[in-house]
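Here is how the chains run, residue by residue.
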Amino acid sequence: MTEVTASPASVLFGQLLPGPMVRMFDEAGGPVPGDPACPLPLPETMLELYAGMVTGRAIEIAATALARQGAMAAYPAALGQEACQVGAVSALARRDWLFPTYRDTVALVTRGVEPAEALAGPLGRRHAGYDPYAHASAPMCTPLATHAPHGVGFAYAARYRGEDTVALVLLGDGATSEGDFHVALNFAAVLTVPVVFLVQNNQYAISTPVRRQSAAPSLAHKAIGYGVPGALVDGNDVLAVYCATEAAVHRARDGGGPALIEAVTFRTAPHTTTDDPSRYRTAAEEARWRSRDPLVRYAAYLAGRGLLTDELADRLQRSADVVADNLRRQIDEAAPPDPHEVFRHVYAQPPATLLAQATDLELEDLDAQPGHGAERGAP
Ligand SMILES: Cc1ncc(C[n+]2csc(CCOP(=O)(O)OP(=O)(O)O)c2C)c(N)n1
Ligand SMILES: [Mg+2]
């Protein structure tokens with residue numbers, strides 16, 4: 001399976017139209033027929049990818065439970081998408097930059113962000129929660145695709161300064177219908193910007209299935225209109241995602257310009273903890289995708305290659321459980337957020353409307369103190 005004759009970048013991105021879906025192992029974790037698209041990573045890298053997915057899943061389960069217990073208003077879990085996020089981010093160099101969405105907690109944790117910091121947004125805590133510069137990761141973006149032009153501008157600016165930074169922009173299937181996605185692809189292509197767009201096609205944009213989102217043969221096909229090569233990848237095969245992203249990142253760093261990767265996957269969780277997916281998808285569809293669980297498939301693959309024993313799998317699960325326990329403890333023990341924080345670090349000179357709201361909040365604080373409400377004439 002390690003026999004790769006041409007470079008992965010030329011195989012995957014040598015033409016604009018996506019080729020057949022890239023897979024390094026099949027749905028049972030067995031070998032795929034034909035030539036592999038990429039050489040295999042080192043065994044330790046393959047195990048790191050597995051450990052990252054196990055930890056990612058433990059965090060997503062813990063975060064979902066915390067949301068259901070009221071610690072967050074809602075949580076958009078990426079259960080089922082661990083291979084996409086761990087595989088893509090692991091292909092970056094430290095100096096590269098990640099541009100994540102609200103669903104990319106696992107991607108941020110893979111980048112080294114503390115889980116509790118990565119969850120700051122849904123927890124309603126301080127701004128991004130983490131230091132973007134310390135982790136070369138932009139704040140999570142909730143407006144769909146607005147971070148795509150940011151990623152392009154960032155990578156363009158880095159190249160202008162003589163740095164060889166590549167930006168990885170993560171997007172959802174629904175986000176590919178946004179104007180910003182198209183603007184970003186166009187600028188990136190015309191200016192040969194070192195940016196990789198990775199679409200996690202998890203089949204739904206809230207309740208809208210991808211077939212009602214786009215009439216394109218695949219989302220990777222959208223690239224050709226901009227002169228960008230597209231690749232279709234099995235998003236539940238972590239080695240395929242890793243290999244395609246690594247090839248795209250190298251190509252971008254070498255001056256080859258942007259690429260679009262569509263990673264085909266499924267969110268087994270609801271859109272957020274406030275959503276009821278039984279309203280728009282069937283139990284049969286969910287069961288079909290659960291049988292392609294990226295962790296189960298990869299564990300079978302690694303076991304088949306003699307790299308993962310039951311004992312090692314247990315050990316990795318136990319360390320992931322410790323990470324999830326720490327997350328729960330940190331969130332339980334954290335002081336409540338200071339609501340005044342939202343007014344800080346946004347504007348050098350805050351507009352009058354914001355200043356008025358900040359003053360109202362301070363007056364409310366005063367009212368809450370014994371004796372003050374009466375002085376201001378409050379009932
Ligand atoms: C510009 C914009 N419009 C609408 C929304 C509301 N919204 C939040 S998530 C979402 C669906 C996004 O689907 P997709 O891009 O597939 O990402 P996924 O949630 O599946 O990861 C929508 C419409 C938004 N956040 N931003
Ligand atoms: Mg989606």
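These figures come from a predicted structure and were not determined experimentally.

S.K.: I'd like a description of a negative patch on the surface, backed by residues and values.
M.R.: A contiguous patch of negative charge, built from D360, E362, E364 and D365, is present on the exposed surface. If you trace the backbone, D360 turns up in helix α14 (residues 352-368). The class of D360 is partly exposed, set by a relative accessible area of 47%.

S.K.: An account of unusual backbone geometry is requested, with residue identities and associated values reported.
M.R.: You will see that Q203, though not glycine, has its phi angle at about 80°, which is positive. Within the secondary structure, Q203 is located in the loop between β3 (195-201) and β4 (204-205). The class of Q203 is buried, set by a relative accessible area of 13%. One non-glycine residue, I206, lies in the positive phi region at around 50°.

S.K.: A description of the coordination of the magnesium ion (ligand 2) should follow, citing residues and the corresponding values.
M.R.: Bound to the magnesium ion (ligand 2) are the protein donor atoms D173 (OD), N202 (OD1) and Y204 (O), situated 2.1 to 2.2 Å from the metal. Donor residues binding the magnesium ion (ligand 2) come from one chain and are separated in sequence as D-x28-N-x1-Y. By the burial criterion, N202 is buried, and Y204 matches it.

S.K.: An account of the site of ligand 1 is requested, with residue identities and associated values reported.
M.R.: Inspection of the region around ligand 1 gives 15 residues, with Y102, R103, G174, A175 and Y204 positioned closest. Note that an oxygen atom of ligand 1 is positioned 2.7 Å from one of the side-chain N or O atoms of Y102. Take T142: an N or O atom from its main chain is 3.0 Å from a nitrogen atom of ligand 1. Notes on ligand 1: free accessible area 580 Å², of which the protein chains cover 72%. Looking at the shell around ligand 1, its residues break down into 7 nonpolar, 5 polar and 3 charged.

About the criteria used
- Residues numbered from 1 in each chain as written.
- Chains lettered and ligands numbered in written order.
- Predicted model: local features only at pLDDT ≥ 70, side-chain atom pairs only at ≥ 80, totals over all residues.
- Heavy atoms only, no water.
- Patch = residues over 30% accessible without salt bridge, like charges linked within 9 Å, V, L, I, M, F, W, Y side chains within 5 Å.
- Areas by Shrake-Rupley, 256 points an atom, 1.4 Å probe, with all protein chains shown as cover.
- Salt bridge = Lys/Arg side-chain N within 4 Å of Asp/Glu carboxyl O.
- Lys, Arg positive; Asp, Glu negative; His and termini not counted.
- Charge placed at Lys NZ, Arg CZ, Asp CG, Glu CD.
- Helix = DSSP H or I, 4+ residues; strand = E, 2+ residues; numbered from the N terminus.
- Buried < 20%, exposed > 50% of the residue type's maximum accessible area, 1.4 Å probe, protein only.
- Donors = N, O, S within 2.8 Å, 3.2 Å for Na, K, Ca; no water.
- Near = heavy atom within 4 Å.
- Polar contact = N/O pair within 3.5 Å; in protein donor to acceptor, adjacent residues only side chain to side chain.
- Nonpolar A, V, L, I, M, F, W, Y, C, P; charged D, E, K, R; others polar.

Structural measurements only, silent on function.
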